Amino acid sequence: MKKTFLFSMAFATLLSLTSCWEWSRQQDIKDAEAKGIATLKESESSKKAMVETAKAENESATLKAEAMVKIAKAQANAEIERAKGVAEANKIIGNSLQGNEDYLKYLQIEAIKESKGSKVYIPTEAGLPILEAK
């Protein structure tokens with residue numbers, strides 16, 4: 001009976017140890033599986049963040065390019081309007097000077113008087129000064 005008891009105790013201990021070892025192995029498998037799932041979720045989350053960042057950068061670049069185009073068009077339109085104003089002013093000045101030969105001669109003489117250096121004004125038939133003489 002003693003041998004049977006010892007054998008039963010040894011068998012129970014072996015069964016208990018095997019059970020603990022199996023439970024520990026199952027727990028390790030579950031832990032590894034949980035860690036793998038967490039790593040996968042983290043990787044997916046990181047991938048989604050990178051995709052969203054790339055989309056935002058692309059949208060930002062597109063908006064910047066569109067803004068630059070609008071600015072360039074506005075600047076071109078402003079330049080066109082300025083040129084129209086200059087053309088209109090030139091037209092008004094040109095029309096006002098037609099038939100005002102005396103005024104033009106006066107402006108010519110004043111310009112010569114105000115210029116620096118020694119110049120001599122010699123009237124010619126066309127009323128134009130001689131700029132170079134050799």
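As recorded in an unreviewed UniProt entry, the protein chain goes by Lipoprotein and comes from Chryseobacterium gallinarum.

### Observations regarding the overall build of the protein chain
Helix and strand counts for the protein chain come out as two helices and zero strands. Taking all 134 residues of the protein chain together, 2% fall into the buried category. Just so you have it, the protein chain exposes about 12,500 Å², and 63% of that area is on carbon and sulfur atoms.

### Side note on a nonpolar patch on the surface
A cluster of nonpolar side chains, Tyr-103, Leu-104, Tyr-106 and Leu-107, forms an exposed patch at the surface whose accessible area comes to about 370 Å². Summarising the element assignment, Leu-104 is placed in helix 2 (residues 101-114). Under the relative-accessibility criterion, Leu-104 is labelled partly exposed at 31%.

### Some details on the pattern of salt bridges
Applying the stated criterion across every chain yields a total of three salt bridges. The closest approach of N and O atoms between Glu-52 and Lys-55, which form a salt bridge, is 3.9 Å. Taken together, the positions of Glu-52 and Lys-55, both in helix 1 (residues 2-97) and three residues apart, correspond to about one turn of that helix. Glu-52 sits in the partly exposed class, given a relative accessible area of 47%. The residue Glu-81 makes a salt bridge to Lys-84 at a minimum N-O spacing of 3.5 Å. With a gap of three residues between them, Glu-81 and Lys-84 both fall in helix 1, about one helical turn apart.

What counts as what
- Residues numbered from 1 in each chain as written.
- Predicted model: local features only at pLDDT ≥ 70, side-chain atom pairs only at ≥ 80, totals over all residues.
- Heavy atoms only, no water.
- Helix = DSSP H or I, 4+ residues; strand = E, 2+ residues; numbered from the N terminus.
- Buried < 20%, exposed > 50% of the residue type's maximum accessible area, 1.4 Å probe, protein only.
- Areas by Shrake-Rupley, 256 points an atom, 1.4 Å probe, with all protein chains shown as cover.
- Patch = residues over 30% accessible without salt bridge, like charges linked within 9 Å, V, L, I, M, F, W, Y side chains within 5 Å.
- Salt bridge = Lys/Arg side-chain N within 4 Å of Asp/Glu carboxyl O.

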